[in-house]
Amino acid sequence: MFFSGQTRSQVAQHKSTKDCWLVVYGRVLNLTKFLEEHPGGEEVLLEVAGKDASKEFDTIGHNEGAKKMFAKFQVGVLQGHSIQDLGGKDDATNESKKEMSAFVIKDDSSSTFKSLFLTSSFLSWLLLSILVTIVTRSDRNVFLFSPKC
Ligand code: HEM
């Protein structure tokens, strides 16, 4: 589940080895499953569990690989932040943006396709109706030939 507008006190509820959340750059991350794998050790993460650890994260000088892991652990956005605010801060956000724009492009093209399809079928229907009207209203001489021999 993804929580938008998580408060600091809500995040603060998750500060144990079995349930460890922290905030980096406005992202609420659930690092419970990562504690044992963290190259810097689980102790450092537990010290900042339930808190905003953006400064600590920056101070260590984590590499780009660490930032790319955010998307995997993110469970929400801290209150006062929005996905747009997080833009440019890390690669995960840029990847999300790419996905979103791809979605928008896909959506646009499908609606353009739909409107084109609807317009063309509407025009065909209109032309057919006009033709039928002309034929039924005419004196039918055009079609009902009675050859005078
Ligand atoms: C928030 C999510 C975090 C992720 C995904 C993460 C990930 C990583 C990764 C991949 C490394 C090894 C490569 C590198 O140095 O960049 C690392 C190292 C380390 N991390 Fe984290 N980390 C996180 C948060 C933190 C926090 C909040 C602290 C400190 C409170 C911390 C302290 C360290 C330390 C001390 C190292 C070892 C650096 C070294 O040996 O040079 N990490 N982390």
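Residues numbered from 1 in each chain as written. Predicted model: local features only at pLDDT ≥ 70, side-chain atom pairs only at ≥ 80, totals over all residues. Heavy atoms only, no water.

Note the cut-off: UniProt positions are given in the numbering used here, feature names are shortened, and annotations may be inferred rather than shown by experiment.
Per an unreviewed UniProt entry, the recorded name for the chain is Cytochrome b5 heme-binding domain-containing protein, and the organism is Acacia crassicarpa. Entered under Sequence similarities (unreviewed entry) in the UniProt record, the comment concerning the chain runs "Belongs to the cytochrome b5 family."

**Remarks on the sheet that holds strand β3 (residues 19–24)**
Strand pairing within a sheet occurs via backbone hydrogen bonds; the two strands may be parallel or antiparallel. Under the convention used in this document: Two strands qualify as a pair provided DSSP detects at least 2 bridges between them. Secondary structure elements follow DSSP: runs of H or I of four or more residues count as helices, runs of E of two or more count as strands, with numbering from the N terminus.
Read from one edge of the open sheet, five strands run β1-β5-β4-β3-β2, paired in mixed fashion. In this open sheet, the two edge strands, each paired with only one partner strand, are β1 (3–6) and β2 (15–16). In this structure, β2 lies alongside β3, joined through two bridges in antiparallel fashion. Within β3, the residue paired with Lys15 across the bridge is Cys20.

**Some thoughts on the coordination of the iron atom of the ligand**
Under the convention used in this document: Because no water is among the atoms considered, metal sites can look incomplete, with donors defined as N, O and S atoms within 2.8 Å of the metal, or 3.2 Å for Na, K and Ca. Each label reflects the angles at the metal, where four donors whose angles all fall between 85 and 135 degrees are tetrahedral, four or six donors whose opposite pairs open beyond 155 degrees and whose other angles stay between 65 and 115 are square planar or octahedral respectively, and the rest are irregular.
For the iron atom of the ligand, the full set of protein donor atoms is His38 (NE2) and His62 (NE2), at a range of 2.0 Å. Coordination at the iron atom of the ligand is octahedral: its six donor atoms span angles of 85 to 178° at the metal. Pair noted here: His38 is in the loop between β4 (27–30) and α2 (42–47) and His62 is in the loop between α3 (54–60) and α4 (64–68), with a separation of 24 residues, a long-range link.

**Description of the site of the ligand**
Filter applied, for reference: Nearness is defined per residue: one heavy atom within 4 Å of the molecule or strand is enough. Pairing of N or O atoms within 3.5 Å defines a polar contact, subject to two protein rules: one partner must be a possible hydrogen donor and the other a possible acceptor, and residues neighboring in sequence count only if both atoms are side-chain atoms. All residues other than Ala, Val, Leu, Ile, Met, Phe, Trp, Tyr, Cys, Pro, Asp, Glu, Lys and Arg, Gly among them, are scored as polar; the first ten of these are nonpolar and the last four charged.
Looking at the ligand, there are 19 residues lining it, with His38, Gly40, Leu45, His62 and Asn63 nearest. With respect to the ligand, the side chain of His38 contributes an N or O atom lying 2.8 Å from a nitrogen atom. Contact distances for the ligand include 2.7 Å between a nitrogen atom and a side-chain N or O atom of His62. Per-element accounting of the shell around the ligand gives the leading share, three residues, to α3. Broken down by class, the residue content of the shell around the ligand amounts to 14 nonpolar, four polar and one charged.

**Digging into the packing of aromatic side chains**
Each aromatic ring pair is summarised here by two numbers: the centre-to-centre distance and the angle between the ring planes. Our working rule: Note on aromatic contacts: the rings of Phe and Tyr and the six-membered ring of Trp form a pair at centre separations within 6.5 Å, being stacked when their planes are under 30 degrees apart, edge-to-face when over 60 apart, and tilted otherwise. Buried, partly exposed and exposed residues are distinguished by accessible area as a fraction of the type maximum, computed with a 1.4 Å probe on protein chains only: under 20%, between the cut-offs, and over 50%, respectively.
What the rule picks out here adds up to five aromatic pairs. Judged by centre distance (5.1 Å) and plane angle (55°), the rings of Phe57 and Phe70 are tilted. In this pair, Phe57 sits in helix α3 while Phe70 sits in helix α5 (residues 70–73), placing the two residues 13 residues apart along the sequence. By the burial criterion, Phe57 is buried, and Phe70 matches it. Put simply, the rings of Tyr25, Phe57 and Phe70 pair up and form one aromatic cluster.

**Here we look at the pairing of β3**
In terms of residue burial, β3 counts as a mostly covered element, since five of its six residues are buried. In this sheet, β4 lies alongside β3 in antiparallel orientation, the contact comprising four bridges. The residue bridging Val23 from the neighbouring strand is Val28, located in β4. Connecting β3 to the antiparallel partner β4 that follows it, the hairpin turn spans two residues, and Tyr25 within it adopts a positive phi of roughly 55°.

**Points about the side chain of Ser54**
Note the cut-off: Every residue pair with non-hydrogen atoms within 4.5 Å of one another is taken to be in contact.
Of note, Ser54 is situated in helix α3. Within the structure, Ser54 has its side chain in polar contact with the side chain of Asp52 (distance 2.6 Å). The contacts of Ser54, once residues within four sequence positions are left out, are Val23, Val24 and Tyr25.

**Quick look at a nonpolar patch on the surface**
Filter applied, for reference: Put simply, a patch holds well-exposed residues, over 30% relative accessible area, that have no salt bridge, with like charges counted together within 9 Å and Val, Leu, Ile, Met, Phe, Trp or Tyr side chains within 5 Å. Here the open area of atoms and residues is found with the Shrake-Rupley method and a 1.4 Å probe, where only the protein chains shown may cover a residue. Salt bridges are identified by distance alone: a Lys or Arg side-chain nitrogen within 4 Å of an Asp or Glu carboxyl oxygen.
On the surface, Phe122, Leu123, Trp125, Leu126, Ile130 and Ile134 cluster together into a nonpolar patch covering about 610 Å² of accessible area. Note on placement: Trp125 falls in helix α6 (residues 91–137).

**A few points about unusual backbone geometry**
A positive phi angle, near 55°, is found at Tyr25, a position not held by glycine. One can find Tyr25 in the loop between β3 and β4. The exposure class of Tyr25 is buried, given its relative accessible area of 10%.

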